[in-house]
Amino acid sequence: MEDPRENILFHHQEFIRWARSLESLPKEEWLRPIEEGKWSIAEIVGHLGPWDDFVMNKRLPFLGTGDPLPTAPDPQMLNEQSAAKARTSNQTAVIRQFILTREKLIESLKEIPAESWEQTLKPGSKEITLIKYLEGLAEHDLHHKREVDRAIEKRNAGI
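As recorded in an unreviewed UniProt entry, the protein chain goes by DinB family protein and comes from Rossellomorea oryzaecorticis.

Okay, here's the thing in structure tokens:
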């Protein structure tokens, strides 16, 4: 049987490799919306780090304490602030900041004992195990990766 912890850690390492590959994108492609009415690659990458910070600082430290979890920030506000910052920041700096934050998240996850990955978090009124929570975040990453990869493929094909 596969170890879900190893799957999560592997996902994060692979996602870092993918993000690093975006450093070679031309600036105009980095800043162009992936589709009409959608974010640019810059904005997509730029919004990921703040959520990793949130998980490290407002979720993981509360694991096993029984304490209520801090309220999550307003997603729309956090995403918009992060996107705005990414639009006006250097491409390499945005990518490297994301990678640095994701590497810290990986280190934080490695410190969690195996048995704690099945512990329950209580964000709001729902309950979810840490592993299910992290799998949901990984799925969010993959959703954005698919969007970005599709946009790059279309542009490379001249569509």
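Contact pair helix H3 (residues 41–58) / helix H6 (residues 130–156): the axes reach a minimum separation of 11 Å and the direction vectors enclose 170°. Between H3 and H6, the crossing angle belongs to the class labelled roughly antiparallel. Along the contact surface, H3 presents Ile41, Ile44, His47, Leu48, Phe54 and Val55, while H6 presents Tyr133, Leu134, Leu137, His140, Asp141, His144, Glu147, Val148, Ile152 and Arg155. Residue classes in the contact of H3 with H6 are distributed as 10 nonpolar, three polar and three charged.

The next thing to look at is the UniProt feature "domain: DinB-like" (unreviewed entry) in the protein chain. UniProt records the feature "domain: DinB-like" (unreviewed entry) at residues 20–147, using the numbering of this structure. Within residues 20–147, the helical portion is 59% and the strand portion 3%, while the C-alpha atoms at the span's ends are 16 Å from each other.

The biggest cluster of nonpolar side chains holds 42 residues, and the ones touching the most others in it are Leu22, Trp30, Ile41 and Leu109. Secondary structure elements with two or more residues in this core: helix H1 (4–21), H3, helix H4 (75–87), helix H5 (91–110) and H6. In terms of residue count, the dominant contributor to this core is H3 (nine residues). Excluding anything up to four places from it in sequence, Ile41 contacts Leu22, Leu25, Glu29, Trp30, Arg32, Ile34, Val148, Ile152 and Arg155.

Criteria and cut-off values
Residue positions are given per chain, counting from 1 as you read along its sequence in written order. Totals for whole chains, interfaces and linings use every residue, but because this is a predicted model, local features are given only for residues with pLDDT of at least 70 and side-chain atom pairs only at 80 or more, for both listing and counting. For the side-chain quantities, the full set of heavy atoms in the structure was used; hydrogens and water were omitted. Here an angle of 0 to 180 degrees is reported between the N-to-C directions of two axes, which are lines fitted to C-alpha atoms, with helices fitted over the stretch in contact. The secondary structure listing takes helices from DSSP runs of H or I that are at least 4 residues long and strands from runs of E that are at least 2 residues long, numbered from the N terminus. Oblique is the label for any angle not covered by the other classes, which are roughly parallel (under 35 degrees), roughly antiparallel (over 145) and roughly perpendicular (65 to 115). Here a residue-residue contact requires only that any non-hydrogen atoms of the pair lie within 4.5 Å. Each residue receives one of three labels: charged for Asp, Glu, Lys and Arg, nonpolar for Ala, Val, Leu, Ile, Met, Phe, Trp, Tyr, Cys and Pro, and polar for the others, Gly being one of them. UniProt positions are given in the numbering used here, feature names are shortened, and annotations may be inferred rather than shown by experiment. For this analysis, a nonpolar core means a set of buried residues of the types Ala, Val, Leu, Ile, Met, Phe, Trp, Tyr and Cys, connected via side-chain atoms within 4.5 Å. Note on exposure labels: buried denotes an accessible area under 20% of the residue type's maximum, exposed denotes more than 50%, and partly exposed covers the range between, all computed with a 1.4 Å probe on protein chains only.

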